[in-house]
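Descriptive analysis of the structure
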Amino acid sequence: MIQLDRVTKLYRGGREALRDVSLDINPGDMIFLTGHSGAGKSTILKLIALIERPTRGQLLVDGRNIGRLPSGDIPAYRRQIGMVFQDHKLLEDRSAFDNVALPLVIAGLTRRETDKRVRAALDQVGLLGKERQSPATLSAGEQQRVGIARAVVARPRLLIADEPTGNLDGELSMEIMQLFRRFNQVGVTMLIATHDLALAGRIGGRHVVLSQGELAREETSVAAPQPAAGVRSR
Amino acid sequence: MKAVLVRHLQNALGALGQLSRQPVSTALTIAVIGIALALPAGLQVLVQGAQRFAGSWQEIRDFSVYLRPGTTLAQAKALAEELGKRAVIEEVRVIAANEALADFRADPAFGDALRVLEDNPLPHTLVIRPDAAATTTDLDALRSELSARDDVDLVQLDTQWLSRLAAILDLVRRGVWFTAVLLAGAVIVIVGNTIRLDIQNRRREIEVSKLLGASDAFVRRPFLYIGAWYGILGGLLAVVVLSLGLLLLGGPLSRLLALYGGQFTGFGVDLATIVLVFGGGLLAGWAGAWVAVARHLSAIEPRV
């Protein structure tokens, strides 16, 4: 689905964030990008989200080099990707419902369809009863789950998450990761950047380890036993 | 197509809701725009009123053609009939010499003096009323032509003051347009600045929307609608202010103008002015939003 082919990214000022990184992301993959801060995890996510452009190398999505995608085509491209952020990036002046609805409003769905899908997404993250609340009145874990509902509501093929558990304690982090696992099980390709190696190890999937902008190693682990209930077939 | 219309309607109503959430700053902005629009519109209404007033002075454009003594009444009538057919002339009235004399005799100031005279010293006279559409140039041409005739003694026509009035009105009219253009520019700047602040306040929302795949058009649309609303609401205020102003000034103005003998038809905000105020407001508000959006929106790119 996505191929990074010897991608190098130089930031302004000459800092080399990625050097000759090649990575294949296949449909249905659950990939953890791990490594110390500054290893290049976020840069890979930013390149895939086209927040940054590769300096050298090719970034192919469905065989098309999106490194050269015209700016005007970026919005439509981004609508195929769900994004989860460490600071969740919710809008405080809107209810949880309206936050989750935003991608559908952008996509121009009808009100009825939007309503239905937002409820389904909030149900999937276990927040159906709190749709009218402002994000500020929700706990950190709930806020992140609203962020995840927003990321999946438009039914993206790929979900990318940048340190989604960075602000959460161990138990809440595990809940979030299990949520991701469940989405993966119903077919969403996942790419998660995290520095929490232990947590990633408990979930299982492909573990891509970055070090100082280079691909250090990749290993595959088997998922630890975990409850599979709660996610309906999509 | 229907979905697009629905979305625009939602955007329009959403923008209105956005404005209603900051009632004080919205009211202030609308007040400034309303005043800026009411000023040239008010001047325009005054000029229109003055033009109608000047038009009601039509009889002052009448002029007298004194025929050479010895011209017969039949000749005078023939000439009157001939002139009456011209496009620039609305009607020609013949005042026969004996009618004129009777008029003068009836006047106590002249009566006694005229009784002494044996012969009627007055010539036959044609009173010409030009057509309403006739310009001063037409009248000048007509005067030269008539003066050159053998059977015409004197043409008495005073178009000079009419020319002056027309020139003054023309000047004022241009002044109104100039003012209107200046104030439209002011509206664009006001709305542009307001929208700029709005964009800054909603920076986060714009960033997040762009991250979620919002196109530039999607991000831009609410701000353009806000600008348009500012213009429309400012226009509404302008029409209200204008109507109030005319209500206050209308009475004294009619009395003043009546003293000048004009037939005053009254001032009113006509439909064209209302359309102009609303259209101008809408266009200026929208343009102001465009300027702000074009300058500031593209600068906001999501940083993660």
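Rules used in this analysis
Residues numbered from 1 in each chain as written. Chains lettered and ligands numbered in written order. Predicted model: local features only at pLDDT ≥ 70, side-chain atom pairs only at ≥ 80, totals over all residues. Heavy atoms only, no water. Helix = DSSP H or I, 4+ residues; strand = E, 2+ residues; numbered from the N terminus. Rg over C-alpha atoms; globule rule 2.2 N^0.38 Å. Buried < 20%, exposed > 50% of the residue type's maximum accessible area, 1.4 Å probe, protein only. Contact = heavy atoms within 4.5 Å. Lys, Arg positive; Asp, Glu negative; His and termini not counted. Charge placed at Lys NZ, Arg CZ, Asp CG, Glu CD. Pairing = 2+ DSSP bridges. Buried area = accessible area lost by both parts, 1.4 Å probe. Salt bridge = Lys/Arg side-chain N within 4 Å of Asp/Glu carboxyl O. Polar contact = N/O pair within 3.5 Å; in protein donor to acceptor, adjacent residues only side chain to side chain. Axes fitted to C-alpha atoms, helices over the stretch in contact; angles between N-to-C directions. Phe/Tyr/Trp six-rings, centres within 6.5 Å; stacked < 30°, edge-to-face > 60°. Lys NZ or Arg CZ within 6 Å of the ring centre and 35° of its normal. Domains from an automatic or database assignment. Parallel < 35°, antiparallel > 145°, perpendicular 65-115°, else oblique. Left-handed = near helix turned anticlockwise from the far one by under 90°. Nonpolar A, V, L, I, M, F, W, Y, C, P; charged D, E, K, R; others polar. Core = buried A, V, L, I, M, F, W, Y, C linked by side-chain atoms within 4.5 Å.

1. Side note on the overall build of chain B
Within chain B, the regular secondary structure consists of 10 helices and four strands. When the helices and strands of chain B are placed in sequence order, the string is α-α-β-α-β-α-α-β-α-β-α-α-α-α. In terms of C-alpha radius of gyration, chain B reaches 32 Å, well past the compact-globule figure of 19 Å for 304 residues. Reported as C-alpha extents along the three principal axes, the dimensions of chain B are approximately 110 × 35 × 30 Å. In chain B, which comprises 304 residues, the proportion classed as buried is 38%. Partitioning the intrachain contacts of chain B with sequence separation of at least 6 by distance along the chain shows that 85% fall at a separation of at least 24. Between the averaged position of the 28 positive side-chain charges in chain B and that of its 27 negative side-chain charges there is a distance of 20 Å.

2. Some details on the sheet that holds strand β5 (residues 64–65) of chain A
Residues and elements named next belong to chain A. Pairing is antiparallel in the open sheet, where four strands are placed in the order β2-β1-β4-β5. A single partner strand is all that each edge strand has here, and the edge strands are β2 (16–25) and β5. Taken together, the five bridges between strand β1 (residues 2–10) and strand β4 (residues 56–61) define a ladder with antiparallel strand orientation. Bridged to Thr-8 within β4 is Arg-56.

3. Observations regarding the interface of chain B and chain A
Each side of the interface is counted separately: chain B has 16 residues, and chain A has 20 residues. Of the roughly 1800 Å² buried where chain B meets chain A, counting both sides, 60% is carbon and sulfur surface. Applying the counting criterion to the chain B and chain A interface returns one salt bridge. The shortest N-O distance in the salt bridge between Glu-205 of chain B and Arg-94 of chain A comes to 2.6 Å. Counting across the interface, chain B meets chain A through four residue pairs in polar contact (both at pLDDT 80 or more). For the side of chain B that touches chain A, the secondary-structure elements that each account for two or more residues are α1 (2–20) and α8 (203–211) of chain B.

4. So, the sheet that holds strand β1 (residues 63–67) of chain B
Residue and element names in this part refer to chain B. If you walk across this open sheet you meet the four strands as β2-β3-β1-β4, and the pairing is antiparallel. Since the sheet does not close on itself, it has two edges, and those belong to β2 (89–95) and β4 (152–156), each with one partner. The average undirected angle you get between the axes of adjacent strands in this sheet is 20°. Summarising the sheet, β1 and β4 pair through four bridges and their orientation is antiparallel. Paired with Leu-67 across the strands is Val-152, a residue of β4. Most of the contacts of helix α3 (residues 73–84) go to β2, to which it runs at about 170°, and overall it touches β1, β2 and β3 (125–130). The strands touched by helix α6 (residues 136–148) within the sheet are β1, β2, β3 and β4, with β4 carrying the most contacts at an inclination of about 160°.

5. Notes on the packing of aromatic side chains
Using the criterion set out here, one finds one aromatic pair over all chains in the structure. Consider the rings of Trp-286 of chain B and Trp-290 of chain B, whose centres lie 6.1 Å apart with planes at 75°: the pair is edge-to-face. Of this pair, Trp-286 of chain B and Trp-290 of chain B both sit in helix α10 (residues 271–296), four residues apart, which is roughly one turn of that helix. According to the relative accessible area criterion, Trp-286 of chain B is partly exposed, its value standing at 38%. Classification of Trp-290 of chain B by relative accessible area gives partly exposed; the value is 30%. Lying over the aromatic face of Phe-85 of chain A, Lys-89 of chain A brings its terminal NZ or CZ to 5.8 Å of the ring centre. Its end group placed over the ring of Phe-97 of chain A, Arg-132 of chain A keeps NZ or CZ at 5.0 Å from the ring centre.

6. Section: the domain arrangement of chain B
Looking at chain B, the domain boundaries give domain 1 (2–56 + 163–296) and domain 2 (69–150). On a C-alpha basis, the centres of domain 1 of chain B and domain 2 of chain B stand 53 Å from each other.

7. Quick word on the packing of helix α5 (residues 140–152) of chain A against helix α6 (residues 170–185) of chain A
Residue and element names in this part refer to chain A. Relative orientation of the contacting elements α5 and α6 amounts to 15°, with a least axis distance of 10 Å. Overall, the two elements α5 and α6 adopt an arrangement that is roughly parallel. Relative to α6, α5 is oriented so that their crossing is right-handed. Here Gly-141, Gln-144, Arg-145, Ile-148 and Val-152 of α5 lie close against α6, whose contacting residues are Leu-172, Glu-175, Ile-176, Leu-179, Phe-180 and Phe-183. Class assignment for the residues of the contact of α5 with α6 results in seven nonpolar, two polar and two charged.

8. Quick look at the side chain of His-88 of chain A
Residue and element names in this part refer to chain A. Along the polypeptide, His-88 turns up in the loop between β6 (81–84) and α3 (96–107). Judged by its relative accessible area of 12%, His-88 is buried. Ignoring sequence-local partners within four residues, the contact set of His-88 consists of Gln-143, Gln-144 and Arg-150.

9. Some remarks on the nonpolar core
Nonpolar side chains in soluble globular proteins tend to end up buried together. In this structure, Ile-195, Ile-199, Ile-206, Phe-223, Tyr-230 and Leu-297 of chain B are the most contacted members of the largest nonpolar core, which totals 38 residues. In terms of residues, this core owes the most to one element, helix α9 (residues 216–259) of chain B, which gives 10 residues. Dropping the residues within four chain positions of it, Ile-206 of chain B is found in contact with Ile-199, Val-219, Phe-223, Leu-297 and Ile-300 of chain B. Core analysis: the second largest hydrophobic core is formed by 36 residues, Leu-90, Val-100, Ala-101 and Met-177 of chain A among them.

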